[in-house]
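Given next are the chains, with one letter for each unit.
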Amino acid sequence: PLSLQVQPPDPSSIRVLRGHQLPVTCLVISPDDRFIFSASKDGSLIKCKWEVESGKRLCVVPGGKKGTEERHMGHASHVLCMAISSDGKYLATGDRNKLIMIWDAATCKRLYIFTGHHDAVSGLSFRKGTHQLYSASHDRCVKVWNAAENAYVETLFGHQDVITGLDSLSRECCVTAGGRDGTVRLWKIPEESQLVFYGHQGSIDCIQLINEEHMVSGADDGSVALWGLTKKKPLALARQAHSTQDAQGLQQPYWISAVAALRNSDLLATGSHSGSVKLWKCDEGFRKLEPLWDIPLVGFVNSLKFSATGDFLVAGLGQEHRLGRWWRLKEAKNSICIIPLKRRAAAPNLDAPDSS
């Protein structure tokens, strides 16, 4: 298992990329691990492209005032989510103003605007190996698009509350987190059917597929859940995963604001505003969640992504939560943190004959 090879990250090795004036809301890493795209609540600096190796900012797409989206290149409201196609060609961004924009990832030029959602766009994911794009919104529905052909395909209904996150892999299906309706859903696109999963107490804020059979989700009740796509209840549930804080004399769990899985491995990461990102190991056929290390990071962790190779983890940080302004952490820096994940050298073979 990969989790046993990863060493505790050295806090001094974390690289911090500054450039967003306001909280970073979302980010993606290009499939070749060379670039990071990020977005924030900042109207003027909507979208940045960064080079991982140098930390240089390669391109910035300015935003505009609301209603000027057609004239300007960028969004005119908070960008809440983004996705990149598995060939690295298309980047999709979704905003609070119901719009999805499709970009050429190499040049940062805008190609299309998709309209059709009736509320904030909160989740985006390209189906792996295709240009099929899934979107989720606070309007409670999931839409399917074809980014290469600038085409709308269909709309799927089912959630009873705002959808807060969405993910997909190679199969023609996607998974969503349904906020306060307390459900995680698996949408089978060709059959137009859905499976409903129950397990969190609070509002489910984030979700990610680990592989084609398992997923992880996090909620504002502080819990992290591991799911198998064939079981309606979690295979494992870590309560108060980021411990608790004192709020008006009550012990409240820290919300889980971001989850990430290193695809097809047993390594997970979770973020909150508890002062650290946590790494976890999925054990025994995804039936157990074991904490590995804490990586100190101050601020709301609004987005987490592992690089494809698993050599680094990227966190998008803000003084505020990506969806609201409930409170601010003044000491936090609105930034992107690149956390290197070093591997242990291969363990010596203890079964080898004794050479002494």
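Predicted model only: the values in this text are computed from it and were never measured. (Residues numbered from 1 in each chain as written. Predicted model: local features only at pLDDT ≥ 70, side-chain atom pairs only at ≥ 80, totals over all residues. Heavy atoms only, no water.)

Novice: Give me the lowdown on the overall build of the chain, citing residues and values where you can.
Specialist: The helix and strand inventory of the chain stands at zero helices and 30 strands. The C-alpha radius of gyration of the chain comes to 20 Å, within 12% of the 21 Å expected for a compact globule of 356 residues. Dimensions of the chain, computed from C-alpha atoms along their principal axes, come out at roughly 75 × 50 × 45 Å. When each of the 356 residues of the chain is scored for burial, the buried share is 61%. Carbon and sulfur atoms provide 49% of the accessible area of the chain, an area that totals close to 15000 Å². Between the averaged position of the 42 positive side-chain charges in the chain and that of its 37 negative side-chain charges there is a distance of 5 Å. (Helix = DSSP H or I, 4+ residues; strand = E, 2+ residues; numbered from the N terminus. Rg over C-alpha atoms; globule rule 2.2 N^0.38 Å. Buried < 20%, exposed > 50% of the residue type's maximum accessible area, 1.4 Å probe, protein only. Areas by Shrake-Rupley, 256 points an atom, 1.4 Å probe, with all protein chains shown as cover. Lys, Arg positive; Asp, Glu negative; His and termini not counted. Charge placed at Lys NZ, Arg CZ, Asp CG, Glu CD.)

Novice: Residues and numbers for the sheet that holds strand E13 (residues 151-157), please.
Specialist: Here we have four strands laid out as an open sheet, ordered E10-E11-E12-E13, and antiparallel in their pairing. Of all strands in the sheet, those bounded by a partner on one side alone are strand E10 (121-126) and E13. This sheet shows a mean twist of 20 degrees between the axes of neighbouring strands, independent of strand direction. The pairing of E10 with strand E11 (residues 132-137) spans five bridges and is classified as antiparallel. Paired with Val121 across the bridge in E11 is Ser137. (Pairing = 2+ DSSP bridges. Axes fitted to C-alpha atoms, helices over the stretch in contact; angles between N-to-C directions.)

Novice: Any chance you could break down the sheet that holds strand E3 (residues 35-40) for me, citing the residues and the numbers?
Specialist: To summarise the sheet geometry, strands pair through backbone hydrogen bonds and adopt either a parallel or an antiparallel arrangement. The antiparallel open sheet is built from four strands, whose spatial order is E2-E3-E4-E5. Every other strand in the sheet has two partners, leaving strand E2 (24-29) and strand E5 (57-61) as the edge strands with one partner each. Neighbour-to-neighbour, the strand axes of this sheet turn through a mean angle of 20 degrees, independent of strand direction. When E3 meets strand E4 (residues 47-51), the two strands line up antiparallel, connected through five bridges. Residue pairing across strands places Ile36 opposite Trp50, the latter belonging to E4.

Novice: Lay out the pattern of salt bridges with the relevant residues and their values.
Specialist: This model, assessed by the stated rule, comprises nine salt bridges. In this structure, Glu172 and Arg127 form a salt bridge, with 3.7 Å as the shortest nitrogen-oxygen distance. Here Glu172, found in the loop between strand E14 (165-168) and strand E15 (173-177), pairs with Arg127, found in the loop between E10 and E11; they are 45 residues apart in sequence, far enough to count as distant. Asp283 is the partner of Lys281 in a salt bridge, and the nearest nitrogen-oxygen pair spans 2.6 Å. On the basis of relative accessibility, which here comes to 14%, the residue Asp283 falls in the buried class. Put simply, Glu284, Lys288 and Glu290 are held in one network by salt bridges that share partners. (Salt bridge = Lys/Arg side-chain N within 4 Å of Asp/Glu carboxyl O.)

Novice: So what's going on with the environment of Ile100? Which residues, and what values?
Specialist: Inspection of the secondary structure puts Ile100 in strand E8 (residues 100-104). For Ile100, a relative accessible area of 0% gives the class buried. C-alpha of Ile100 to C-alpha of Trp145: the two residues are 45 residues apart in sequence and 10 Å apart in space. Dropping the residues within four chain positions of it, Ile100 is found in contact with Thr93, Gly94, Tyr112, Ile113, Phe114, His117, Val121, Leu124, Leu133, Ser135 and Trp145. (Contact = heavy atoms within 4.5 Å.)

Novice: So what's going on with the pairing of E15? Which residues, and what values?
Specialist: With respect to burial, E15 is a largely interior element, five of its five residues being buried. In E15, alternate side chains face the same way, and those of Cys173, Val175 and Ala177 on one face and Cys174 and Thr176 on the other are all buried. Taken together, E14 and the strand that follows it, E15, pair antiparallel across an intervening segment of four residues. As consecutive antiparallel partners, E15 and strand E16 (residues 183-188) are separated by five residues, and within that stretch Gly179 has a phi angle of approximately 55 degrees, a positive value.

Novice: Account for the packing of aromatic side chains, with residues named and values stated.
Specialist: Between two aromatic rings, the relevant description is the distance of the centres plus the angle of the planes. With the rule as written, the count across this model stands at four aromatic pairs. Look at Phe114 and Trp145: their rings are 4.6 Å apart centre to centre, the planes differ by 10 degrees, and that puts the pair in the stacked class. Of this pair, Phe114 sits in strand E9 (residues 109-114) while Trp145 sits in strand E12 (residues 141-146); the two residues are 31 residues apart in sequence, bridging distant segments of the chain. Trp145 carries the same exposure label as Phe114, and that label is buried. With a centroid separation of 5.5 Å and 70 degrees between ring planes, the pair formed by Trp145 and Tyr152 is classed as edge-to-face. Owing to a relative accessible area of 3%, Trp145 belongs among the buried residues under this scheme. Its relative accessible area of 45% is what places Tyr152 among the partly exposed residues. Joined through ring pairs, the aromatic side chains of Tyr112, Phe114, Trp145 and Tyr152 make up one cluster. The cationic tip of Lys49 hangs over the ring face of Phe35; the distance from NZ or CZ to the ring centre is 4.6 Å. (Phe/Tyr/Trp six-rings, centres within 6.5 Å; stacked < 30°, edge-to-face > 60°. Lys NZ or Arg CZ within 6 Å of the ring centre and 35° of its normal.)

Novice: Can you break down the UniProt feature "repeat: WD" (unreviewed entry) in the chain residue by residue, with the values?
Specialist: In the numbering used here, UniProt assigns the "repeat: WD" (unreviewed entry) feature to residues 17-45, 72-113, 114-155, 156-197 and 197-237. As annotated, residues 114-155 comprises 0% helix and 57% strand, and the C-alpha atoms at either end are separated by 13 Å. (UniProt positions renumbered as here; feature names shortened; annotations may be inferred.)

Novice: Tell me about the nonpolar core, and name the residues and values.
Specialist: Ranked by internal contacts, the top residues of the largest apolar core, which has 21 residues, are Ala269, Val277, Leu279, Leu297, Leu304, Phe306 and Leu313. Excluding residues that lie within four positions of it along the chain, Leu304 makes contacts with Ala258, Val259, Ala260, Ala269, Thr270, Gly271, Val277, Leu313, Val314 and Ala315. (Core = buried A, V, L, I, M, F, W, Y, C linked by side-chain atoms within 4.5 Å.)

Novice: Tell me what's going on with unusual backbone geometry, and back it up with residues and numbers.
Specialist: Non-glycine residue Gln240 carries a positive phi angle of around 45 degrees. Here Gln240 lies in the loop between strand E21 (236-238) and strand E22 (244-247). A relative accessible area of 44% means that Gln240 is categorised as partly exposed. Phi at Ser243 takes a positive value of approximately 65 degrees, unusual for a residue other than glycine. Assignment of secondary structure puts Ser243 in the loop between E21 and E22. The exposure class assigned to Ser243 is partly exposed, which follows from its relative accessible area of 40%.

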